[in-house]
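An overview of the molecular structure
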Amino acid sequence: MRELCLVRHGLTGWNTEGRIQGRTDVPLCEEGRREVRGWRLPPGFERARCLSSPLERALETARLLGFAEPAVDPRLVEMAWGAWEGERLDALRDRHGEAFARAEALGLDFVPPGGESPRMVMARLAGLLGELAQDGGGPLVIVAHKGVLRAAMVLATGWPMLGRPPFALHHGTALLAGLDRQGRLGAMRAVDLGNGP
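Residues numbered from 1 in each chain as written. Predicted model: local features only at pLDDT ≥ 70, side-chain atom pairs only at ≥ 80, totals over all residues. Heavy atoms only, no water.

1. Brief notes about the pairing of strand β1 (residues 2–8)
Among the seven residues of β1, six are classified as buried, and the element is accordingly described as predominantly covered. Pairing analysis gives six bridges linking β1 to strand β5 (residues 173–179), with the strands arranged antiparallel. Counted as the bridge partner of Val7 is Ala174 from β5. Note: β1 against strand β4 (residues 140–144), five bridges, orientation parallel. Its bridge partner lying in β4, Arg8 is registered against Ala144. (Buried < 20%, exposed > 50% of the residue type's maximum accessible area, 1.4 Å probe, protein only. Helix = DSSP H or I, 4+ residues; strand = E, 2+ residues; numbered from the N terminus. Pairing = 2+ DSSP bridges.)

Written as structure tokens, this is what we have:
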């Protein structure tokens, strides 16, 4: 069983404004950089290999965690929100009313205009996990995005992306899980990186 630590990137200016980032390459803000400098990886992951999303907010988080040259995999990029990137969820709910509520009720099959569904994110993550299960490596830190960590929760727990998620994904939250030889995620738990090991 390979041990994984999935880390959500640090805070950005758009996070503080409540804006949907998606694939927009928004960097960490100064507050986010300060926060990440205070994070500590769980025991056993300090010398792990690191794999990151190609977006700058994830890459910078990985570097601030001590991974000078994290490997990059495009399958770890955030969910594409298409025309709704840069918007706020509350504004979208106000503007589109019942139509938006019906779209959100689709759970895994919710698709923003010109974007992708959580199910699509889950499929690309599952493909990557299948490869990682075969490469024989040790512990691995994955630095990615809320949408990717939510997809990991779906794969580990069967959560249908309706109602409350199994774990809240704040900045500084990491998910720990084992990865078996078939690429399946085992028991998952959330840890707060801000509290140190």
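We are not done yet, so read on.
2. As for the environment of Gly172
With respect to the helices and strands, the residue Gly172 is situated in the loop between α6 (146–157) and β5. For the pair formed by Gly172 and Val191, sequence separation is 19 residues and the distance between their alpha carbons is 8.4 Å. Contact partners of Gly172, with chain neighbours within four places excluded, come to Trp39, Val191, Asp192, Leu193 and Gly194. (Contact = heavy atoms within 4.5 Å.)

3. Comments concerning the packing of helix α5 (residues 118–134) against α6
Packing of α5 against α6 brings their axes to within 9 Å, and their N-to-C directions diverge by 75 degrees. One finds that α5 runs roughly perpendicular with respect to α6. Contacts between α5 and α6 pair Val121, Met122, Arg124, Leu125, Ala126 and Leu129 from the former with Gly147, Val148, Ala151, Ala152, Val154 and Leu155 from the latter. Here the residues of the contact of α5 with α6 sort into 10 nonpolar, one polar and one charged. (Axes fitted to C-alpha atoms, helices over the stretch in contact; angles between N-to-C directions. Parallel < 35°, antiparallel > 145°, perpendicular 65-115°, else oblique. Nonpolar A, V, L, I, M, F, W, Y, C, P; charged D, E, K, R; others polar.)

4. Description of the packing of aromatic side chains
If you walk through the whole model with that rule in mind, you get four aromatic pairs. A centroid spacing of 5.1 Å and a plane angle of 55 degrees characterise the contact between Trp84 and Phe100, whose relative ring orientation is tilted. Note that Trp84 is positioned in the loop between β3 (71–72) and α4 (89–104) and Phe100 in helix α4, a separation of 16 residues in sequence. Phe100 shares its class with Trp84; the two are buried. Between Phe100 and Phe110, the aromatic rings sit 6.0 Å apart at their centres with planes inclined by 80 degrees, giving edge-to-face as the arrangement. (Phe/Tyr/Trp six-rings, centres within 6.5 Å; stacked < 30°, edge-to-face > 60°.)

5. Concerning the side chain of Gln21
Assignment of secondary structure puts Gln21 in the loop between α1 (13–17) and α2 (30–37). Given the relative accessible area of 7%, Gln21 is considered buried. Polar side-chain contacts of Gln21 include one of 2.5 Å to the side chain of Thr12. Apart from the residues lying within four places of it in its own chain, the contact partners of Gln21 are His9, Thr12, Trp14, Asn15, Val26, Arg57 and Glu85. (Polar contact = N/O pair within 3.5 Å; in protein donor to acceptor, adjacent residues only side chain to side chain.)

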